[in-house]
Amino acid sequence: MDAIEVINLVKSFKEKNRLIKAVDNISFSVKKGEIFGLLGPNGAGKTTTLNILNGLVSKDSGEIRILGVDPEQNEQNWEYIKNKINVSTAYYSLSEQLTIKQNLKVYAMLYNVKNVQEKIDKLLKMFELKELENRKVVQLSSGEKTRVALCKGFLNEPEVLFLDECTVGLDPDIAEKTRKIIKEYQQKNGTTIIFTSHYMYEVEELCDRIAFMKNGKIIKIDTAKNFKKLIKKTSIELTIKENYPAFLKILKEKKIDILSTGTNTIIFEVSSSTDQLYKLMNIIFKAGVKISDMHMNKPTLEDIFIQFARRKQKKSKMSEGK
Ligand SMILES: Nc1ncnc2c1ncn2[C@@H]1O[C@H](COP(=O)(O)OP(=O)(O)OP(=O)(O)O)[C@@H](O)[C@H]1O
Ligand SMILES: [Mg+2]
């Protein structure tokens, strides 16, 4: 049984005379213990999808199952699910006039958490907030608020955790520690996580698979490694010490795509999947071209994101989620 199943999910919002299709017939499933990334441009429908799964927004149509049950089917199902899931987002509205500890205590009551004091203490230490526990949320920096939201997410030791931009505003040190906490927690408890972020390196580091969403639809689901294979070209940056004109002539003869040129530098593209670069290098060395520096820009998830985000809608419908 998959931990999360989403089948033909649809959600629209009415705005004056306009209908916004926030989630447009998406299907996907997440295995137990998997970290599943939802990527996509602003307004793609990621938060709406997560809000439907965690019961904050009701769907128009489609089916969802969490840990094998449909949370909307009846009250018992929702009662069963609600204590097994949790959500954390940097945009979570905590009660500003309550202290960190008071906020977490309120959530602990909502989630029927046992050993409240012990759990809150442990989480505050984990996210380096212990010294601030009696400070009102209104007096916290944005990164500190984000860390309180993370504590809230782990409070009931959820089996399924929705992390929607949970690292926004964290300094690089805490962000790195947070990713480590998420990974360690997930490995220890076998937690299933849906993770959204606009920071590609953390999506790549954490997620087993990624669904790319755009305009409410899932365009493709795959691993970060396979997503990167979709970029067929690698760009090469060279600084030429001797025989620059000869080098330029060779590139033109070989019909290599030149992206930019400087007085002694050049950026061009070669195929990522063939030995085109190796062959080219042999030719230019034989022609007496001397190179003083070389830099290869391997395709990143960011390149894929930009390519998918800018692609025309017609093309992006090519392959819906697997
Ligand atoms: N309550 C609402 N009322 C009207 N429109 C809404 C509402 N919630 C979301 N939308 C619209 O639905 C679409 C999807 O929004 P959503 O928040 O799911 O996007 P997202 O992928 O999470 O984007 P981001 O990366 O900016 O967080 C957007 O066009 C948004 O404006
Ligand atoms: Mg969002």
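Quick caveat: nothing in here was measured; it's all calculated off a predicted structure. (Residues numbered from 1 in each chain as written. Chains lettered and ligands numbered in written order. Predicted model: local features only at pLDDT ≥ 70, side-chain atom pairs only at ≥ 80, totals over all residues.)

Draft legend 1. Spatial organisation of the overall build of the chain. The number of helices and strands found in the chain is twelve helices and 13 strands. With the C-alpha coordinates aligned to their principal axes, the bounding extent of the chain is approximately 75 × 45 × 40 Å. Counting across all 322 residues of the chain, residues that qualify as buried make up 32%. Of the contacts formed within the chain by residues at least 6 apart in sequence, a portion of 73% connects residues at least 24 apart. (Helix = DSSP H or I, 4+ residues; strand = E, 2+ residues; numbered from the N terminus. Buried ≥ 20, exposed ≤ 12 C-beta atoms within 10 Å, placed from the backbone. Contact = placed C-beta atoms within 7 Å.)

Draft legend 2. Inspection of the domain arrangement of the chain at higher detail. As assigned here, the chain comprises domain 1 (4–84 + 158–228) and domain 2 (232–298). For domain 1 and domain 2, the distance between their C-alpha centroids amounts to 42 Å. (Domains from an automatic or database assignment.)

Draft legend 3. Quick peek at the confidence of the model for the chain. The share of residues in the chain with pLDDT of 70 or more is 97%, and the mean pLDDT across the chain is 91. Element-level pLDDT for the chain is lowest in helix 12 (residues 313–316), with a mean of 48, against a maximum mean of 98 in strand 7 (residues 192–196). Confidence drops under a pLDDT of 50 for residues 314–322, and excluding neighbours within four residues, the segment shows 14 contacts in the predicted structure. (pLDDT = per-residue confidence, 0-100.)

Draft legend 4. Representation of the site of ligand 1 in the model. Around ligand 1, the neighbouring residues are Phe13, Glu15, Ile20, Ala22, Gly40, Asn42, Gly43, Ala44, Gly45, Lys46, Thr47 and Thr48. Looking at the shell around ligand 1, the elements that each hand over two or more residues are strand 1 (4–15), strand 2 (18–30) and helix 1 (46–53). (Near = placed C-beta within 6 Å.)

Draft legend 5. Geometry of helix 6 (residues 172–189). The terminal C-alpha atoms of helix 6 lie 26 Å apart, and with 18 residues this matches the ideal 26 Å at 1.5 Å per residue to within 8%. If you check which residues of helix 6 are buried, you get Ala175, Thr178 and Ile182. Each buried residue of helix 6 lies within a common arc of 55° when the element is viewed along its axis, so the set occupies one face. Those residues of helix 6 that are exposed and angled more than 90 degrees off the buried face are Asp173, Lys180, Glu184, Gln187 and Lys188. Along its buried surface, helix 6 packs onto helix 5 (142–154) and helix 7 (200–206). Where helix 6 ends, the next residue or the one after it, glycine 190, has phi of about 65°, a positive value. (Expected span 1.5 Å × (residues − 1). Arc of directions from axis to C-beta.)

Draft legend 6. A look at unusual backbone geometry. For asparagine 115, which is not glycine, the phi dihedral falls at a positive 50°. Considering the arrangement of structural elements, one finds asparagine 115 in the loop between helix 3 (100–110) and helix 4 (116–126). On the basis of neighbour counts, which here come to 10 C-beta atoms within 10 Å, the residue asparagine 115 falls in the exposed class. One non-glycine residue, glutamate 128, lies in positive phi territory at about 55°.

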